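# Tertiary structure, described
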Amino acid sequence: MNLLWKHDLRAVKGHSHLIGLDEAGRGPLAGPLVAAAVVLRAEFFTKASHRKNTKEFDDSKTLPEERRLQLFAWLEKARGQGRLDYAWEAADIEEIETHNIYQATTRAMRRAIGKLPAELQPQPTTDDLPLFQASAAGNAPLPLVLLDGKPMKKLGHPHRAIIEGDGTSLAIAMASILAKTLRDRMLVELDAAHPQYGFATHKGYGTPQHLEALRKHGPCPQHRPRFLRNLEL
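Heads up: these notes are all about the structure in this document. Numbering of residues begins from 1 in every chain and follows the order in which that chain's sequence is written. With the structure being a predicted model, the display of local features is reserved for residues of pLDDT at least 70 and the display and counting of side-chain atom pairs for 80 or more, all residues being used for whole-chain, interface and lining totals. The side-chain values count all of the structure's non-hydrogen atoms but skip hydrogen atoms and water molecules.

The next subject is the overall build of the chain. Counting from the N terminus, the helices are DSSP H or I runs at least four residues long and the strands are E runs at least two residues long. Counting secondary structure elements, the chain contains eight helices and five strands. Along the chain, from the amino end to the carboxyl end, the secondary structure elements read α-β-β-α-α-β-α-β-β-α-α-α-α. Here the radius of gyration uses the C-alpha set of atoms, whereas the globule reference equals 2.2 Å times the residue count to the power 0.38. Scaling as 2.2 N^0.38, a compact globule of 233 residues should have a C-alpha radius of gyration of about 17 Å, and the chain matches this with 18 Å. Accessible area is worked out with a 1.4 Å probe on protein chains only. A residue is then buried under 20% of its type maximum, exposed over 50%, and partly exposed in between. Counting over 233 residues, the chain shows a buried share of 49%. The contact criterion used throughout is that any non-hydrogen atoms of two residues lie within 4.5 Å. Within the chain, residue pairs in contact and separated by at least 24 positions form 68% of the contacts whose partners lie at least 6 positions apart. All accessible areas in this document rest on Shrake-Rupley with a 1.4 Å probe, and a residue is counted as covered only by the protein chains that are shown. Summing over all exposed atoms, the chain offers an accessible surface of approximately 11400 Å²; the carbon and sulfur share of this is 51%. Counting 32 positive and 27 negative side-chain charges, the chain places the centres of these two groups 4 Å from one another. Charged-residue counts in this description rest on Lys and Arg as positive and Asp and Glu as negative, His and the chain ends being excluded. Charge placement uses NZ in Lys and CZ in Arg. For Asp and Glu, CG and CD serve respectively.

In structure tokens form, the structure reads like this:
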């Protein structure tokens, strides 16, 4: 059995559904950050066909682009058929500059969750600590939010944080594929507007090619000022 499927099969017990959260674009020097939320209902794990069709899902960073695009297409199809649901949101340069990358990530994730259908919304919390809270005995099952990385105090929902969660949880791996694919598309579009930087190739990360372009042309409006301050250009 696929280890990611096995993890989520255990995690969903006692819950109505899982919500996997991940982002793409925390580290680049340019372009937006994209956060994605993927919903897998408990019933999703009762179908052998779902287990078979999701066996190749993994951390998006480990997948060849062609395979990642195939899995993205499967997610789109599965969503259209009502087998799962998802939503995504982006944090633009202004938000990243105003709130810092950590806060921009949290804000984008909250907005992504907020775009899910009302019946799939997780419970809000006013607690300072973002601890996972199980449903009380006898109450209706609650959703479980799974987050890649460390806990986020301002997420607004109880959640379980998993270091390297995109290689551990199926729901998080799906969110990582969605976020990366959607962000890569944005950077290809950005490349058309600013071809001198090579955004379609390096997706805004600080590669030697990108740094050389910055030395030659200076930053464009889609570069992150906070990220450029400590660079020797």
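Structure's up, so let's keep going.
A separate point is the nonpolar core. What tends to happen in soluble globular proteins is that the nonpolar side chains get buried as a cluster. Residues Leu-40, Phe-44, Leu-75, Leu-84, Leu-170 and Met-174 are the most contacted members of the largest nonpolar core, which totals 34 residues. Mapped onto this core, the elements with two or more residues apiece are helix H1 (3-11), strand S1 (15-24), strand S2 (33-41), helix H3 (65-80), strand S4 (142-148) and helix H5 (170-193). Here this core takes ten residues from H5, the largest share from any one element. Among all residues touching Leu-40, those that are not within four sequence positions of it are Asp-8, His-17, Leu-18, Phe-45, Leu-84, Leu-170, Ala-171 and Met-174. Residues enter a nonpolar core if they are buried and are Ala, Val, Leu, Ile, Met, Phe, Trp, Tyr or Cys, with the set joined through side-chain atoms within 4.5 Å.

This part covers the layout of surface pockets. We place a 1 Å grid over just the protein atoms. Points where a 1.4 Å probe fits but has no way out form a cavity, open points with protein on both sides within 12 Å along at least 5 of 7 lines form a pocket, and any residue with an atom within 4 Å of a point lines it. Grid points are joined across faces, edges and corners, and a volume is the space filled by probe spheres set on the points. By volume, the largest pocket is sized at about 360 Å³. Looking at the largest pocket, it is lined by 21 residues, and the ones nearest its centre are Asp-22, Glu-23, Ala-24, Gly-25 and Lys-61. Among the secondary structure elements, those contributing two or more residues to the lining of the largest pocket are S1, helix H4 (93-114) and H5. Looking at the lining of the largest pocket, the element that brings in the most residues is H5, giving four residues. For the lining of the largest pocket, the residue count by class is five nonpolar, five polar and eleven charged. Residue classes follow a fixed rule: Ala, Val, Leu, Ile, Met, Phe, Trp, Tyr, Cys and Pro count as nonpolar, while Asp, Glu, Lys and Arg count as charged, and any other residue, Gly among them, counts as polar.

A few words now on the packing of aromatic side chains. Any pair of Phe, Tyr and Trp rings, taking the six-membered ring for Trp, is counted once the centres come within 6.5 Å. Such a pair is stacked with planes under 30 degrees apart, edge-to-face with planes over 60 apart, and tilted for the rest. Enumeration according to the criterion identifies five aromatic pairs in this entry. Ring plane angle 40° and centroid distance 6.0 Å describe the contact between Trp-5 and Phe-44, whose orientation is recorded as tilted. Taken as a pair, Trp-5 in helix H1 and Phe-44 in the loop between S2 and helix H2 (48-53) lie far apart in primary sequence, 39 residues in all. Geometrically, the ring pair formed by Tyr-197 and Phe-199 is stacked, given 5.4 Å between the ring centres and 25° between the ring planes. The same class applies to Tyr-197 as to Phe-199, namely buried. Site record: aromatic cluster; members linked through ring pairs are Trp-5, Phe-44 and Phe-45. We call a charge positioned over a ring when the NZ of a Lys or the CZ of an Arg lies within 6 Å of the ring centre and within 35 degrees of the ring normal. Of note, Lys-115 hangs over the ring of Trp-88, and the distance from its end group to the ring centre comes to 5.6 Å. Taking the ring centre of Phe-227 as reference, the NZ or CZ of Arg-224 above it sits at 5.0 Å.

Summarising the element assignment, Leu-3 is placed in helix H1. By relative accessible area, which is 64% here, Leu-3 ends up exposed. Measuring from C-alpha to C-alpha, the distance between Leu-3 and Leu-170 comes to 8.5 Å, with 167 residues separating the pair along the chain.

Two strands make a pair as long as DSSP finds a minimum of two bridges between them. Here we have five strands laid out as an open sheet, ordered S3-S2-S1-S4-S5, and mixed in their pairing. Taken across any chain shown, the strands that pair with only one partner, and hence form the sheet edges, are strand S3 (85-91) and strand S5 (160-162). Averaged over neighbouring strand pairs, the angle between their axes works out to 20° when direction is ignored. Sheet analysis places S4 next to S5, joined by three bridges and oriented parallel. The axes are straight lines fitted to the C-alpha atoms, using for helices just the contacting stretch, and the angles between their N-to-C directions are given from 0 to 180°.

Another point: the pattern of salt bridges. We define a salt bridge as a contact between a side-chain nitrogen of Lys or Arg and a carboxyl oxygen of Asp or Glu at a distance within 4 Å. Within the structure shown, the criterion is met by twelve salt bridges. For the salt bridge of Lys-115 with Glu-89, the shortest nitrogen-to-oxygen distance reads 3.6 Å. Of this pair, Lys-115 sits in the loop between H4 and S4 while Glu-89 is found in strand S3, placing the two residues 26 residues apart along the sequence. Classification of Lys-115 as partly exposed rests on a relative accessible area of 48%. With a closest N to O distance of 3.3 Å, Lys-180 and Asp-184 form a salt bridge. Here Asp-184 and Lys-180 lie together in helix H5, a separation of four residues that amounts to about one turn. The exposure class assigned to Lys-180 is partly exposed, which follows from its relative accessible area of 23%. Overlapping salt bridges, with partners in common, bring together Glu-89, Glu-95, Arg-107, Arg-111 and Lys-115 in one network.

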